[in-house]
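Listed here are the chains, written in short residue letters.
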Amino acid sequence: MQSMDEIYQTYARTVYKFMLSKTHNEDIAEELTQETFYQAIKSIHRYDGSCKLSTWLCAIAKNQLLAYQRKHPTEETIDDYENLSVANVETEVFDRMQRIELMKKLHVCPEPFREILYLRIFGSLSFKEIGEIMGKTENWARVNFYRAKERLKKEVEKNE
């Protein structure tokens, strides 16, 4: 097995992108990535090789995210708009409404499409990284991303 330093060098970017796709916040993603590797060091003796190391790390990361969300429930406030001009507020509200509509559509997508779309769109992960995280091939990730994208297009066209 690789040393923890080698494991970190190999998988830190993947875990970070995975966390960024889930949190949409660079600072939180970085914090959770560090916590993930801390937990991995503490429990490396439990890794039995039955799955890819990246899959095991992303499972730890997902658990860290859930723990973080329990401790820090999110609240949106009007403070986000405090320093914006009226024109910027209108633009921001419109953009936010579009993002909300997209998120609603993503939310009702069946798995694995939803997860693939989140990882690709919000996490900016490559198809190879998505395949690795999900325990599949790069080609599988590409095909399912395409299918998910086509499904979203049909949903948008249906509601127009």
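Going by the structure above, here's the rest.
Please read all numbers here as calculations on a predicted model, not as lab measurements.

## Some details on the packing of aromatic side chains
Evaluation of the coordinates by the stated rule reveals three aromatic pairs. Measuring from ring centre to ring centre gives 4.8 Å for Tyr8 and Phe37, while their planes differ by 75°; the resulting arrangement is edge-to-face. Linking Tyr8 in helix α1 (residues 4-23) with Phe37 in helix α2 (residues 26-42), this pair joins segments that are 29 residues apart in sequence. Relative accessible area serves as the criterion here: at 4%, Phe37 is assigned to the buried category. Considering the side-chain rings of Tyr47 and Trp56, the 5.2 Å spacing of their centres and the 50° angle between planes classify their relative orientation as tilted. Using a relative accessible area of 17% as the deciding quantity, one classes Tyr47 as buried.

## What to know about the environment of Gln39
For Gln39, the location among the structural elements is in helix α2. Sequence separation of Gln39 and Ile60 is 21 residues, and the distance between their C-alpha atoms is 7.4 Å. Excluding residues that lie within four positions of it along the chain, Gln39 makes contacts with Ile60 and Gln64.

Calculation notes
- Residues numbered from 1 in each chain as written.
- Predicted model: local features only at pLDDT ≥ 70, side-chain atom pairs only at ≥ 80, totals over all residues.
- Heavy atoms only, no water.
- Phe/Tyr/Trp six-rings, centres within 6.5 Å; stacked < 30°, edge-to-face > 60°.
- Helix = DSSP H or I, 4+ residues; strand = E, 2+ residues; numbered from the N terminus.
- Buried < 20%, exposed > 50% of the residue type's maximum accessible area, 1.4 Å probe, protein only.
- Contact = heavy atoms within 4.5 Å.

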